Amino acid sequence: MLIRIGVFIFWLIHFLPFRVIVAIGNGLGTLLYPLAGERRKVGMINLALCFPDMSDAVRRKLVREHFKVFCRSLIERSILWWSSADRILGLIRVEGVEHFEAIKDKPSILLMPHFVGMDIGGQWVALHTDGVSMYANQKNRYLTELLLKKRGRFRHQHLYSRQQGLRPILKCIRAGRPFFYLPDQDQGVKDGAFIPFFGVPAATMTSVPRIAQMTGARVVPCVTRLLPGGEGYVLTFYPAWENYPSGDDIADTRRVNEFIEQRVQEIPEQYFWLHKRFKTRPEGAPPLYPK
């Protein structure tokens, strides 16, 4: 019942002016920063690992700003879920759209790292083509069904759970549907390897080059940036990678991490620092996060 009440309040929020919704998200982030002690520590540890020369004061400021944009992205999903296509598109400025147009009806992977604006970019893509993506089941079935309904409300989106594996996704890619893929969270090394991320060994899936090899897909990276105030968002598509895959899965996956590192340097507060990116450790290495 509490979840349904929360969803109702979330639905009401989408009627508000965009600047007010932004202010609510920023305010929520400001309130949660001192309360979410465990996640705050995770963010500080991640920044210390990735930016060892950064002072603690700068790290704390960065984590505080991250809480704001993270909560903004959560609250602004109300727009993605219930507002009209015209309102959504009116908030998004697109750069490099020619790179998207070149592959949208061909086998392709839209490589979208875990920046807080990733769902905004995903909704723009869903408004322009029939795509395919993977989702994680939520602990609450109602939330899982709601997420699926809202992510698939435009055109004909193909959404598959991780439990369904890659086979249906590969079929969709070969049929010319772009695969919206988020490759940069720790899912162990069963289907991956330890690849440096800011110089730290990080369990990283090697699936991007393997999927590209199996389907002939072109890899087009894309990142969505949240702008301050009521300015909206910028979705940037980058040129399709040449000579990819190269046949060396480790080198090709390192290229993925290097791309993410470059984008993090540009908008560090908008990368998802609250995830335990380095939870899986090489054999014999001590854990980095407190239990």
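Residues numbered from 1 in each chain as written. Predicted model: local features only at pLDDT ≥ 70, side-chain atom pairs only at ≥ 80, totals over all residues. Heavy atoms only, no water.

Considering the environment of Gly-216
Phase 1 of the analysis: Relative to the assigned elements, Gly-216 resides in the loop between helix 11 (207-215) and strand 8 (218-226).
Phase 2 of the analysis: For Gly-216, a relative accessible area of 51% gives the class exposed.
Phase 3 of the analysis: C-alpha of Gly-216 to C-alpha of Ile-88: the two residues are 128 residues apart in sequence and 32 Å apart in space. (Helix = DSSP H or I, 4+ residues; strand = E, 2+ residues; numbered from the N terminus. Buried < 20%, exposed > 50% of the residue type's maximum accessible area, 1.4 Å probe, protein only.)

Some remarks on the pattern of salt bridges
Phase 1 of the analysis: Within this structure, the stated rule accounts for 13 salt bridges.
Phase 2 of the analysis: Its salt-bridge partner being Asp-56, residue Arg-59 comes within 2.7 Å of it at the nearest N-O pair. Linking Arg-59 with Asp-56, this pair stays in helix 4 (residues 56-75), spanning 3 residues, or about one helical turn.
Phase 3 of the analysis: Exposure remark for Arg-59: the relative accessible area of 7% places this residue in the buried category.
Phase 4 of the analysis: Here Glu-145 ties to Arg-141 by a salt bridge, and the two come within 3.1 Å at their closest N and O atoms. Taken together, the residues span about one helical turn, with Glu-145 and Arg-141 both in helix 9 (residues 141-151) at a distance of 4 residues. (Salt bridge = Lys/Arg side-chain N within 4 Å of Asp/Glu carboxyl O.)

Points about the packing of helix 1 (residues 2-13) against helix 9
Phase 1 of the analysis: Between helix 1 and helix 9, whose axes approach to 10 Å, the crossing angle comes to 30°. One element, helix 1, and the other, helix 9, form an angle in the roughly parallel class. Crossing hand, helix 1 versus helix 9: right-handed. The segment helix 1 lies against helix 9, with Ile-3, Arg-4 and Val-7 engaging Tyr-142, Leu-143 and Leu-146.
Phase 2 of the analysis: For the contact of helix 1 with helix 9, a count of residues per class yields 5 nonpolar, no polar and 1 charged. (Axes fitted to C-alpha atoms, helices over the stretch in contact; angles between N-to-C directions. Parallel < 35°, antiparallel > 145°, perpendicular 65-115°, else oblique. Left-handed = near helix turned anticlockwise from the far one by under 90°. Contact = heavy atoms within 4.5 Å. Nonpolar A, V, L, I, M, F, W, Y, C, P; charged D, E, K, R; others polar.)

Remarks on the layout of surface pockets
A probe matching the size of a water molecule, rolled over the atoms, marks out where space remains unfilled.
Phase 1 of the analysis: In this model, the second largest pocket occupies a volume close to 400 Å³.
Phase 2 of the analysis: Taken together, 14 residues make up the lining of the second largest pocket; nearest its centre are Val-7, Phe-10, Leu-74, Trp-81 and Leu-143.
Phase 3 of the analysis: Counting only elements with at least two residues in the lining of the second largest pocket, the list comes to helix 1, helix 4, helix 5 (77-82) and helix 9.
Phase 4 of the analysis: Ranked by the residues each element gives to the lining of the second largest pocket, the list is headed by helix 1, at 6 residues.
Phase 5 of the analysis: Residues that form the lining of the second largest pocket fall into these classes: 10 nonpolar, 2 polar and 2 charged. (1 Å grid on protein atoms, 1.4 Å probe; cavity = no way out; pocket = protein on both sides within 12 Å on 5 of 7 lines; lining within 4 Å. Points joined across faces, edges and corners; volume = space filled by probe spheres on them.)

This is a description of form; function is not addressed.
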